[in-house]
Structure formats: structure tokens, C-alpha cells
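# Structural overview for review
Residue strings, one per chain:
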Amino acid sequence: VSAQAPHATHSSVITCAIFITSDDFLSCIISYFLFLCYTLTGDVMYIILGHENPDVDSIVSGVLLEHYLTRQGKSAKFIIPDRKLDDESVSICLSFGLDPREYQQEVPKQAEQYILVDHHERNVFGEIVGVIDHHPTMQTYTYPFYQNENASSTACLLVKKNEEHYTKDEIE
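Since we're looking at a predicted model, the values are computed, not measured.

Our next topic: the pattern of salt bridges. By the definition in use, this model includes 3 salt bridges. The closest approach of N and O atoms between Arg 83 and Glu 106, which form a salt bridge, is 3.6 Å. Residue Arg 83 is found in the loop between strand E4 (75-79) and helix H3 (87-95), and its partner Glu 106 is found in the loop between H3 and strand E5 (113-117); the two are separated by 23 residues along the sequence. Of the charged contacts in the structure, one is a salt bridge between Asp 87 and Lys 84, with a shortest N-O distance of 3.3 Å. One exposure class covers both Asp 87 and Lys 84, and it is exposed.

Nonpolar side chains tend toward joint burial in soluble globular proteins. Counting 27 residues, the largest nonpolar core has Ile 48, Leu 65, Leu 69, Phe 78 and Ile 115 as the members making the most contacts within it. Elements with a contribution of two residues or more to this core: strand E3 (45-49), helix H2 (56-71), E4, H3, E5, strand E6 (127-133) and helix H4 (154-159). Residue contributions to this core peak at 6 residues, all from H2. If you look at the next biggest cluster of nonpolar residues, it comprises 8 residues, including Leu 49, Ile 79, Leu 116 and Val 131.

One open sheet holds the 5 strands; their spatial order is E4-E3-E5-E6-E7, and the pairing between them is parallel. Strands at the two margins of the open sheet, each flanked by one partner only, are E4 and strand E7 (145-148). With strand direction ignored, the average angle separating the axes of adjacent strands in the sheet is 25°. Here E3 pairs with E4 via 5 bridges, running parallel.

Moving on: the packing of aromatic side chains. In this description, an aromatic ring pair is defined by two values, namely the gap between the centres and the angle between the planes. Inspection of every chain in the model, using the stated rule, returns 4 aromatic pairs. Ring centres of Tyr 141 and Tyr 143 lie 5.4 Å apart, and the angle between their planes is 5°; on these two criteria the pair is classed as stacked. Overall, Tyr 141 belongs to the buried group, its relative accessible area being 15%. Measuring from ring centre to ring centre gives 6.4 Å for Tyr 143 and Tyr 146, while their planes differ by 35°; the resulting arrangement is tilted. With a relative accessible area of 23%, Tyr 146 lands in the partly exposed category.

What counts, and at which threshold
- Residues numbered from 1 in each chain as written.
- Predicted model: local features only at pLDDT ≥ 70, side-chain atom pairs only at ≥ 80, totals over all residues.
- Heavy atoms only, no water.
- Salt bridge = Lys/Arg side-chain N within 4 Å of Asp/Glu carboxyl O.
- Helix = DSSP H or I, 4+ residues; strand = E, 2+ residues; numbered from the N terminus.
- Buried < 20%, exposed > 50% of the residue type's maximum accessible area, 1.4 Å probe, protein only.
- Core = buried A, V, L, I, M, F, W, Y, C linked by side-chain atoms within 4.5 Å.
- Pairing = 2+ DSSP bridges.
- Axes fitted to C-alpha atoms, helices over the stretch in contact; angles between N-to-C directions.
- Phe/Tyr/Trp six-rings, centres within 6.5 Å; stacked < 30°, edge-to-face > 60°.

Next up, the structure:
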């Protein structure tokens, strides 16, 4: 993956080579977190969006990524722009102490930098700088960061082998 940090000069281009084998998943995830830490600048607000009509994975992935980036000194906010949420997803989240309704709000109309979780394309009022997804696709994307791996959920991609970046409550 080769990427330039948002609002960076050509001298601050960061290149990150990721070679994935079935036995090297940990290396890939570590490279992914290093990429996020070094390419995302702290003076930009990153809006994290799950897919429309978010399910539990989309909601949990957005919350986990917001918490991780915030702990790394980045300005990040998970937003659920949907006015109506699926009752079952809300109920499941509430049973684990997460209220997804707290994240419901309009997507900002001004230009922002976006990271998509649990999906790989969406119309936004700014630039998509990252995608983390577990849904297989043959489509090729040119986002500055793109991770699409076969997994049971996007939340598992975020946590697997990186438990030290999350609290026990977040993992449970």
C-alpha cells in the first residue's frame, strides 16, 4: 500500500508494503495499525461510517475504530446517519452496554475525511481515505488505505491479534 497523508507534502509520502499469507495475518494487522497511525494526521476530523441500515458488526466496528484512533491522538468520530435503526441491532447492542442511538446524527455537509467500516463504497461530501471491510469483492479500489479480508466480521479484523489496543470491555 502506498499512501500520502492527508494535507501532506510530497516529501511526507509514506509507503507501507504488506505481503499477506495465511500464516502472516498478525504482520498484516500490525502494518495496518502502523499505517493508520502514521498516515492520518491529528489536525483533521475523520468521520467513520458504517453501512446504511447498520447491523451489529457495522456499529461495533465504527465504535472500536473511533476508540482506537482517539487513543492514538487522532480526531475521529463514528456517525450513524440513519434516522431509523433496526430494533434487533439496537437490542443486541444495548444488551452489551452500547447504545447506538448515541451515534445517530447527520453527516457533516462540509468537506471531511472519511473511513468506511463494514462496507467499501458510499457517497460522501469529502474524501474517503480508508476502508476496512470483510465482504469479498472483485472490484478494485484506489483509496489511500483499503483492507478487505475474508473474516467473520469487520470488528474481528479490528481486534484480532491486537487486543492490547482495546480495553477488556470493548473486546467482550
